[in-house]
Amino acid sequence: MNMDTDKKLKVSAIKDGTVIDRIPPQSLFKVIEILGLDQTGHQITFGTNLESKHLGKKAIIKIADSFFEDEDVNRIALIAPDAKFNVIRNYEVVEKRQVEIPDQIRGIARCVNPKCITNHQNVETRFTTKKERGGISLVCHYCEKLTNAKSLQIITKSSAYTTDF
Amino acid sequence: MPKSLISIHDLAKEEMLHILDLAAQFEQNPASSLLNDKVIATIFFEPSTRTRLSFETAANRLGARVIGFSETGSTSVTKGESLKDTIKMVSHYADLIVIRHPLDGSARYASEVSSVPIVNAGDGTNQHPSQTLLDMYSILKTQQSLDGLQLTMVGDLKYGRTVHSLLQAMALFDTRFIFVAPPELAMPSEYKQFLHHRNLIFKESRDLLPHIPDTDILYMTRVQAERFQDPMEYEKVKNVYALTASMLQPCKPNLKILHPLPRVNEIATDVDDTPQAYYFEQARNGVYTRMAIIAFLLGLK
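Residues numbered from 1 in each chain as written. Chains lettered and ligands numbered in written order. Predicted model: local features only at pLDDT ≥ 70, side-chain atom pairs only at ≥ 80, totals over all residues. Heavy atoms only, no water.

1. Quick word on the packing of aromatic side chains
Residue and element names in this part refer to chain A.
Move 1: Applying the stated criterion across every chain, the model contains seven aromatic pairs over all chains.
Move 2: Centroid distance Phe29 to Phe46: 5.7 Å. Interplanar angle 85°. Geometry classified as edge-to-face. Linking Phe29 in helix H2 (residues 28-34) with Phe46 in strand E2 (residues 44-52), this pair joins segments that are 17 residues apart in sequence.
Move 3: Relative accessible area serves as the criterion here: at 53%, Phe29 is assigned to the exposed category. (Phe/Tyr/Trp six-rings, centres within 6.5 Å; stacked < 30°, edge-to-face > 60°. Helix = DSSP H or I, 4+ residues; strand = E, 2+ residues; numbered from the N terminus. Buried < 20%, exposed > 50% of the residue type's maximum accessible area, 1.4 Å probe, protein only.)

2. Remarks on unusual backbone geometry
Residues and elements named next belong to chain B.
Move 1: Cis geometry is found at the peptide bond from Gln249 to Pro250, where omega equals -5°.
Move 2: Mapped onto the elements of the fold, Pro250 is located in the loop between helix H8 (231-237) and strand E9 (256-258).
Move 3: Cis peptide bonds are those with omega within 30 degrees of zero, and the linkage from Leu261 to Pro262 qualifies with 0°.
Move 4: Mapped onto the secondary structure, Pro262 falls in the loop between E9 and helix H9 (279-297).

3. Here's the deal with helix H6 (residues 161-170) of chain B
Move 1: Of all 10 residues making up H6 of chain B, 10 are buried, and the element is well covered by its neighbours.
Move 2: Here H6 of chain B has its buried residues at Arg161, Thr162, Val163, His164, Ser165, Leu166, Leu167, Gln168, Ala169 and Met170 of chain B.

4. Quick word on the domain arrangement of chain B
Residues and elements named next belong to chain B.
Move 1: Partitioning chain B into domains gives domain 1 (31-127) and domain 2 (130-283).
Move 2: Of the residues lining the interface, nine residues belong to domain 1; the matching set on domain 2 comes to seven residues.
Move 3: Roughly 580 Å² is buried in total at the junction of domain 1 and domain 2, and carbon and sulfur atoms are behind 39% of that figure.
Move 4: Per-residue buried area on domain 1 facing domain 2 is highest for Arg50, Thr125 and Gln127; these three make up 56% of the total on that side.
Move 5: The tally of links between domain 1 and domain 2 comes to zero salt bridges.
Move 6: Sorting the residues of the side of domain 1 that touches domain 2 by element identifies helix H2 (49-61) and strand E4 (118-123) as the ones contributing at least two each.
Move 7: Tallied by class, residues from the side of domain 1 that touches domain 2 come to one nonpolar, five polar and three charged. (Domains from an automatic or database assignment. Contact = heavy atoms within 4.5 Å. Buried area = accessible area lost by both parts, 1.4 Å probe. Salt bridge = Lys/Arg side-chain N within 4 Å of Asp/Glu carboxyl O. Nonpolar A, V, L, I, M, F, W, Y, C, P; charged D, E, K, R; others polar.)

5. Topic: the packing of helix H1 (residues 13-28) of chain B against H9 of chain B
The description of two helices packed together rests on the angle between their axes and the distance between the axes.
All names here are of chain B.
Move 1: Where H1 contacts H9, the two axes come as close as 8 Å, and the packing angle between them is 120°. Considered as vectors, H1 and H9 are oriented oblique to each other. The crossing of H1 and H9 is right-handed. Contacts between H1 and H9 involve Glu15, His18, Ile19, Leu22, Ala23, Phe26 and Glu27 from the former and Asn285, Tyr288, Thr289, Met291, Ala292, Ile293, Ala295 and Phe296 from the latter.
Move 2: For the contact of H1 with H9, the class distribution of residues is 10 nonpolar, three polar and two charged. (Axes fitted to C-alpha atoms, helices over the stretch in contact; angles between N-to-C directions. Parallel < 35°, antiparallel > 145°, perpendicular 65-115°, else oblique. Left-handed = near helix turned anticlockwise from the far one by under 90°.)

6. A closer look at a nonpolar patch on the surface
Move 1: Judged by side-chain polarity, Ile67, Met89 and Tyr93 of chain B come together as a nonpolar surface patch covering roughly 290 Å² of accessible area.
Move 2: Summarising the element assignment, Tyr93 of chain B is placed in the loop between helix H3 (83-90) and strand E3 (96-101). (Patch = residues over 30% accessible without salt bridge, like charges linked within 9 Å, V, L, I, M, F, W, Y side chains within 5 Å. Areas by Shrake-Rupley, 256 points an atom, 1.4 Å probe, with all protein chains shown as cover.)

7. What about the packing of H1 of chain B against helix H5 (residues 129-143) of chain B?
Residue and element names in this part refer to chain B.
Move 1: Direction vectors running N to C along H1 and H5 enclose 70°, while the axes themselves pass 10 Å from each other. Relative to H5, H1 is oriented roughly perpendicular. Relative to H5, the crossing made by H1 is right-handed. Contacts between H1 and H5 involve Met16, Ile19, Leu20, Ala23, Ala24 and Glu27 from the former and Leu133, Met136, Tyr137, Leu140 and Lys141 from the latter.
Move 2: Looking at the contact of H1 with H5, its residues break down into nine nonpolar, no polar and two charged.

8. Considering H3 of chain B
Every α-helix carries 3.6 residues per turn, so stepping three or four residues along brings you back to the same face.
Residue and element names in this part refer to chain B.
Move 1: Taken together, the buried positions of H3 are occupied by Leu83, Thr86, Ile87 and Val90. Taken down its axis, H3 places every buried residue within 95° of arc, on the same side.
Move 2: Along its buried surface, H3 packs onto strand E1 (39-44), E3, helix H4 (106-113) and E4. (Arc of directions from axis to C-beta.)

9. Focus: the confidence of the model for chain B
Move 1: Here chain B shows a mean pLDDT of 94. Residues at 70 or above account for 100%.
Move 2: Interface confidence for the predicted complex, given as ipTM, is 0.88, next to a pTM of 0.86. (pLDDT = per-residue confidence, 0-100.)

10. A short note on the nonpolar core
Move 1: Membership of the largest hydrophobic core comes to 59 residues, with the highest contact counts inside it found for Ile40, Leu133, Met136, Met153, Leu167, Met170 and Ile294 of chain B.
Move 2: There are two domains that each give this core at least three residues, and those are domain 1 (31-127) and domain 2 (130-283) of chain B.
Move 3: One finds Phe68, Val99 and Cys111 of chain A together with Val113 of chain B within the second-largest nonpolar core, a separate group that totals 54 residues. (Core = buried A, V, L, I, M, F, W, Y, C linked by side-chain atoms within 4.5 Å.)

11. Some thoughts on the interface of chain A and chain B
Move 1: Of the residues lining the interface, 14 residues belong to chain A; the matching set on chain B comes to 18 residues.
Move 2: Broken down residue by residue, the surface that chain A buries against chain B is led by Lys115, Tyr142 and Glu144 of chain A, which jointly contribute 45%.
Move 3: Here chain A and chain B share two salt bridges between them.
Move 4: For Glu112 of chain B, the salt bridge goes to Arg126 of chain A, with nearest N and O atoms at 3.3 Å.
Move 5: Our enumeration of links across chain A and chain B arrives at 10 residue pairs in polar contact (both at pLDDT 80 or more).
Move 6: By residue class, the composition of the side of chain A that touches chain B is five nonpolar, five polar and four charged. (Polar contact = N/O pair within 3.5 Å; in protein donor to acceptor, adjacent residues only side chain to side chain.)

12. A look at the sheet that holds strand E6 (residues 92-98) of chain A
Two pairing modes exist for strands in a sheet, parallel and antiparallel, and in both the strands are linked by backbone hydrogen bonds.
Residues and elements named next belong to chain A.
Move 1: Pairing in this open sheet of five strands is antiparallel, and the strands run E2-E3-E1-E5-E6 from one edge to the other. Looking at strand neighbours, the two that pair on one side only are E2 and E6, the edges of this open sheet. Averaged over all pairs of adjacent strands, the angle between their axes in this sheet comes to 20°, without regard to strand direction.
Move 2: One ladder, built from five bridges, connects strand E1 (residues 17-23) with strand E5 (residues 84-89); its direction is antiparallel. Residue Asp21 lies in a different strand from E5, and its bridge partner there is Lys84. (Pairing = 2+ DSSP bridges.)

What follows is the structure, given as structure tokens:
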């Protein structure tokens, strides 16, 4: 509870909406892009390099009047695997959702292989995920090559993925 | 989506054995009218004379007619046509498409936009499953079994697409692997892990000679100069694994030498006349194997 009070001091509270917690600071702006938050008309506040027991430092995003589908939640699994989506109604957390790594990922990441068809023609990327010690790696559905967490590049999308309240 | 052959991983062990069995049937009876109402397209976005002739021979022997192109110079690809559009068009002309393309993953994508079966005849450095099946057919034909063999792979084991696919296919059987390569061209760790997970035995070595007496199949590959950053390094290793007839004493009586061809200097010409040389027969086996693949995908066998 102490941590929650602490957060409220640093990033102002919202009445209804979603708080995305435990984002690695270096992934903050990628999360914003992947979820299309740069396109939303809703009020957003975020903080970064906040203290975190789990991550050392973390970022947090509060989006007023917006709620996310499981599919959207899992879209950020590659870059923020520990993230938590807290659903807020009337200043109270009514639901906590943990990011889950999907078995298949479409269109979010780029294939690391420069000779892959997806890097040359208008083909949506598609991967199966593989959980390894060093994090998540992706096996390209097309060229069968491995893209590991280190070489991961996120395809930015300008379309909004938030579901309006 | 029609059944395609894109990657060796697409085939279950039973399907592989079924295709090899069909290949043996076609070898017994190579003239067939099975496909005399069919058109097969061979579309080659990069030249590969050997593979194209082998597929076209297979299609002709099955009684099909063949359309296609052997390079993109005279096609709409030079006008910027996408692979999707080319495939969409050709799949309305032909009953099956054989594709060779320089980009990795292109054949998988083609199979997703095509209304007819696709056979991958090489997508960049990725897969070339008909080569793997013809290698397996050659092994089965010369050893009468795919189980309990020692397979010694020699040369470029790092970049060699054919050795990686053959390794994965032969891992379905009880195979002992020996990898003979210079450190620069050693078998990548992902394939060694793959074998480790399947509890298969493998050994790495820099010397070929000590392994010849126990080998059943000697799989030679070409060491390509362009794989080396330092030309001096290439000069040092290019002849290290050159096989000569005198090296084959002693050897097992059933030993056969395979090579995906073309060879340069890794097999001396004096090996050609030994009973162990099998690489030219291996190329002929390719035709029967490709007949089997085509008939299998069209659901005719």
